[in-house]
Structures are given as structure tokens and as C-alpha cells.
Amino acid sequence: DEADVSVGTVYTHFGSKDQLYLAVAHRGVEQLVRHIATKQQLAASPTEQVIAVGQVCMRELRDRPFLCRFLLADSTEPSDTAVRASIGERMESLYRSFADLVQAAIDAGEFRPVDAYLFARYLVGSWAGVLTAASHTGTPLSAERADQCLNQAIEALRVGLLTTNRSTILEENL
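Computed from a predicted model, the values in this text were never measured in an experiment. (Residues numbered from 1 in each chain as written. Predicted model: local features only at pLDDT ≥ 70, side-chain atom pairs only at ≥ 80, totals over all residues. Heavy atoms only, no water.)

Caption draft 1: Region of the structure containing the overall build of the protein. Assigned secondary structure in the protein consists of 8 helices and 0 strands. Beginning at the N terminus, the succession of helices and strands in the protein can be written as α-α-α-α-α-α-α-α. Among the 174 residues that make up the protein, the fraction classed as buried is 36%. Considering only residue pairs separated by 6 or more positions, the protein has 71% of its internal contacts joining residues 24 or more positions apart. Summing over all exposed atoms, the protein offers an accessible surface of approximately 9900 Å²; the carbon and sulfur share of this is 53%. (Helix = DSSP H or I, 4+ residues; strand = E, 2+ residues; numbered from the N terminus. Buried < 20%, exposed > 50% of the residue type's maximum accessible area, 1.4 Å probe, protein only. Contact = heavy atoms within 4.5 Å. Areas by Shrake-Rupley, 256 points an atom, 1.4 Å probe, with all protein chains shown as cover.)

Structure (C-alpha cells):
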């Protein structure tokens, strides 16, 4: 009603509910990638870049819950393989870029050695999982509580993955 467009017009344009869902997911992933690139440019050290990108990623996933569902359990039929492939390629690019940041922090001696790609996949998946669970349980988390939960995850990352020297420096600056 707000868009002043009939349901029939939407289905004529997109073809099906699945294709509409994929189009929205595609747009959301594109926005996520753009926001991450912008935020990454503002941070100085590799660790600060990882944290900045993590915060953007968490916020975008919180604000666009359909992306969480898409990342965790895509249940739509493969109605448009080209769109699916495009989304998959963008997400893989996102994972690789995030892994490159983690690897840069490792190479700079700021992070303890880990498999950067697997860690990037874990972080994005865990953030999406927290947000999905927060909205689908009998007692959903408010946006504020979800933010607190995700910020604790950033703190756990900082304390657990950073080398002792880098952790002390960041603690003084955060």
C-alpha cells in the first residue's frame, strides 16, 4: 500500500516470490559490501579495520534480517541461478576481503596465527546466527540487547585473538 503498487505488478516484475526474495537479498549484499568498503578505509591499523568491518557487518545483518536467513538457511527454490550465483560471488568476495584483513593483522603481529578465511567465515556466520536466534526465539532480544551481545563478541575477539602487546595498545585507545 505504501509504495502504491499492486501485488500483481510486483509479481509481473519479479515473476515469483522467490525471485523477489533473491532480488532483495542481492541488493542487501551489494549494500553490505559498499558499507564495509567505506568503513574499512577509515580505520588505520589492520586490527582496527577488522573491528570496524565487524561492526558494520553486525549492524547491517541486524538491520537486514533477511540477509541472516539467506546466509544461514536459504530455503528458496533455485529459481534464478544467475542471481544466486551473483550473490554467492559477492559473499565469497566479502569473506575473502574480510580474511585478507585478518591475515594482514596476523602478518603485522597484531593477531595470533589462525586460518584467516575460516575465521572470517566463522565470524560472519556466528553474527548472523546470534541475530537470527535473537529474532526467532520466544524471547527475542531488543536491538539494544542484540548490539550488546554482538559487542561482547567483538570484545572476546579482541581479548582472545590479539597478541598481548596489541591488546594493551587497543585497550588504551578504545
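Once you've had a look at it, read on.
Caption draft 2: Molecular detail of the confidence of the model for the protein. When the pLDDT values of the protein are averaged, the result is 76; 80% of them are 70 or greater. Across the protein, the element-wise mean pLDDT spans from 54 in helix 8 (residues 164–173) up to 83 in helix 5 (residues 81–107). (pLDDT = per-residue confidence, 0-100.)

Caption draft 3: Structural context of the layout of surface pockets. Here the largest pocket is characterised by a volume of approximately 150 Å³. Residue lining of the largest pocket: F119, Y122, L123, S126, W127, V130, C149, L150, A153, A156 and L157, and that is the complete set. Of all elements in the fold, only helix 6 (116–136) and helix 7 (143–161) reach the threshold of two or more residues within the lining of the largest pocket. With 6 residues, helix 6 is the single largest residue contributor to the lining of the largest pocket. When the residues that make up the lining of the largest pocket are grouped by side-chain class, the tally is 10 nonpolar, 1 polar and no charged. (1 Å grid on protein atoms, 1.4 Å probe; cavity = no way out; pocket = protein on both sides within 12 Å on 5 of 7 lines; lining within 4 Å. Points joined across faces, edges and corners; volume = space filled by probe spheres on them. Nonpolar A, V, L, I, M, F, W, Y, C, P; charged D, E, K, R; others polar.)

Caption draft 4: The arrangement of the environment of A104 in detail. Within the secondary structure, A104 is located in helix 5. Its relative accessible area of 31% is what places A104 among the partly exposed residues. When the C-alpha positions of A104 and S45 are compared, they lie 9.1 Å apart, and in sequence the two are 59 residues distant.

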